[in-house]
Amino acid sequence: MAVSQVPLARIGFGQTARRDRWWAQPAIIFVVLSSFVVYTTWAAFQGEHYIYGNYLSPFYSPELFGSPNAWFGPRPAWWPGWMVFSPALLILWAPGGFRLTCYYYRGAYYKAFWADPPSCAVGEPRAHYRGEASLPLVLMNVHRYFLYIALPFLLILAHDVWRAMWFDGPSGRSLGIGVGTLVLAANTFLLGAYALGCHSMRHIVGGAFDQLSGKPVRRAAYDCATCLNRRHGLWAWLSLFGVALADLYVRLCSMGVIRDWRIL
């Protein structure tokens, strides 16, 4: 049986037979991600108002250098005097790289920022598809390695939540819960659900085996990661808002704009 090949006609940028508001989703993603990048960059370069009592902004955790309570003390002597110093600049590359190379976010911002494509069945602004097999997009394949770096941050943030439960008072330190404690705990939970449901996490816990039936621990971990992965996009957005709101809450408390309320 002879099969004839009919070349597909290329449509122009933005052309489509779709009648729905296909442009709405990429436009919203463009605005949200752009706003997050702008706020994160601004907050990272501030280098102040990231600590309030026992609360530490997740943008600055772990605080390697900076305040007297930092892991390695105040600003290091070797830091160039002409360069802006902020503790966030030393650590944000790790969680930022993990989120930047995320499989879900790649699909989102490829459409929103590069129009590759703008949406399904919508014309692209370029004639050839390069994919992720060449520079610079081939570098996105380091996502799995960024996951290895990002996972310890979850333990550090969990420790920050524990520290956020101890308040200084007239009779010394006492255990309690403030609104800031809940904000930091919610942020850690959302980031954990996002990272532990990562596609690469499923590969780590079970991707190396043909069968998991004889490995109950691996099977349980794989099922847990798969359960979170089903809503990976939702966790990605919730954790994005969560980490920004956690920094904003600590910052506003430190600046005296709002007051932290003790619940217990």
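From a predicted model like this one, the values you see are computed outputs, not experimental measurements.

1. Some details on the overall build of the protein
At step 1: Of the regular secondary structure elements, the protein holds nine helices and four strands.
At step 2: Written out in order from the N terminus, the α and β elements of the protein read α-β-β-α-α-α-α-β-β-α-α-α-α.
At step 3: Seen through its principal axes, the protein has C-alpha atoms that stretch 90 × 55 × 40 Å.
At step 4: Sorting the 264 residues of the protein into buried and exposed places 41% on the buried side.
At step 5: For the protein, long-range pairs separated by at least 24 residues make up 70% of all intrachain contacts whose partners lie at least 6 apart in sequence.
At step 6: Per element, the accessible surface of the protein, about 15,800 Å² overall, is 66% carbon and sulfur.
At step 7: For the protein, the separation between the mean place of its 22 positive charges and that of its 12 negative charges on side chains is 6 Å.

2. Things to note about the packing of aromatic side chains
At step 1: Applying the stated criterion to the full structure yields 21 aromatic pairs.
At step 2: Each ring, one from Tyr55 and one from Phe167, has its centre 6.1 Å from the other, and the planes form 85 degrees; the classification is edge-to-face. Taken together, the positions of Tyr55 in strand 2 (residues 55–56) and Phe167 in strand 3 (residues 166–169) put the pair 112 residues apart, joining distant regions of the chain.
At step 3: Among the residues examined, Phe167 registers a relative accessible area of 9% and is labelled buried.
At step 4: With a centroid separation of 5.9 Å and an interplanar angle of 50 degrees, the aromatic rings of Trp78 and Trp79 are classed as tilted.
At step 5: Taken together, the ring pairs in this structure connect Phe65, Phe72, Trp78, Trp79 and Phe85 into an aromatic cluster.
At step 6: One cation-aromatic arrangement involves Arg259 over Trp261; the distance from NZ or CZ to the ring centre is 4.5 Å.

3. Considerations on the pairing of strand 3
At step 1: Of the strand pairs in this sheet, strand 3 and strand 4 (residues 172–175) are connected by four bridges, and their pairing is antiparallel. Paired with Gly169 across the two strands is Gly172, which belongs to strand 4.
At step 2: Two successive antiparallel strands, strand 3 and strand 4, enclose a turn made up of two residues.

4. A closer look at the nonpolar core
At step 1: Of all hydrophobic cores here, the largest spans 49 residues; its most connected members are Leu33, Phe59, Phe98, Tyr105 and Tyr194.
At step 2: Those residues in contact with Phe59, other than ones at most four positions away along the chain, are Tyr39, Thr40, Ala43, Ala88, Ile91, Leu92, Val243, Ala244 and Asp247.
At step 3: Among the nonpolar cores identified, the runner-up in size contains nine residues, and Val161, Leu184, Tyr249 and Cys253 belong to it.

5. Observations regarding helix 3 (residues 93–100)
At step 1: Those residues of helix 3 lying buried are Ala94, Gly97, Phe98 and Arg99.
At step 2: Buried residues along helix 3 sit against helix 2 (88–91), helix 4 (103–114), helix 5 (143–163), helix 6 (179–196) and helix 9 (232–255).

6. Notes on the environment of Thr226
At step 1: Counting through the fold element by element, Thr226 comes out in helix 8 (residues 216–229).
At step 2: On the accessibility criterion, Thr226 (16% relative accessible area) is buried.
At step 3: Sequence spacing of Thr226 and Phe146 is 80 residues, and the spatial spacing of their C-alpha atoms is 19 Å.
At step 4: One polar contact links the side chain of Thr226 to the main-chain carbonyl oxygen of Tyr222, over a distance of 2.7 Å.

7. With respect to helix 4
At step 1: Here helix 4 is 12 residues long and its end C-alpha atoms lie 16 Å apart, about the 16 Å a rise of 1.5 Å per residue gives.
At step 2: Within helix 4, the full set of buried residues consists of Tyr105, Arg106, Ala108, Tyr109, Tyr110 and Ala112.
At step 3: Of the surrounding elements, those touching the buried residues of helix 4 are helix 1 (24–46), helix 3, helix 5, helix 6 and helix 9.

The rules we used
- Residues numbered from 1 in each chain as written.
- Predicted model: local features only at pLDDT ≥ 70, side-chain atom pairs only at ≥ 80, totals over all residues.
- Heavy atoms only, no water.
- Helix = DSSP H or I, 4+ residues; strand = E, 2+ residues; numbered from the N terminus.
- Buried < 20%, exposed > 50% of the residue type's maximum accessible area, 1.4 Å probe, protein only.
- Contact = heavy atoms within 4.5 Å.
- Areas by Shrake-Rupley, 256 points an atom, 1.4 Å probe, with all protein chains shown as cover.
- Lys, Arg positive; Asp, Glu negative; His and termini not counted.
- Charge placed at Lys NZ, Arg CZ, Asp CG, Glu CD.
- Phe/Tyr/Trp six-rings, centres within 6.5 Å; stacked < 30°, edge-to-face > 60°.
- Lys NZ or Arg CZ within 6 Å of the ring centre and 35° of its normal.
- Pairing = 2+ DSSP bridges.
- Core = buried A, V, L, I, M, F, W, Y, C linked by side-chain atoms within 4.5 Å.
- Polar contact = N/O pair within 3.5 Å; in protein donor to acceptor, adjacent residues only side chain to side chain.
- Expected span 1.5 Å × (residues − 1).

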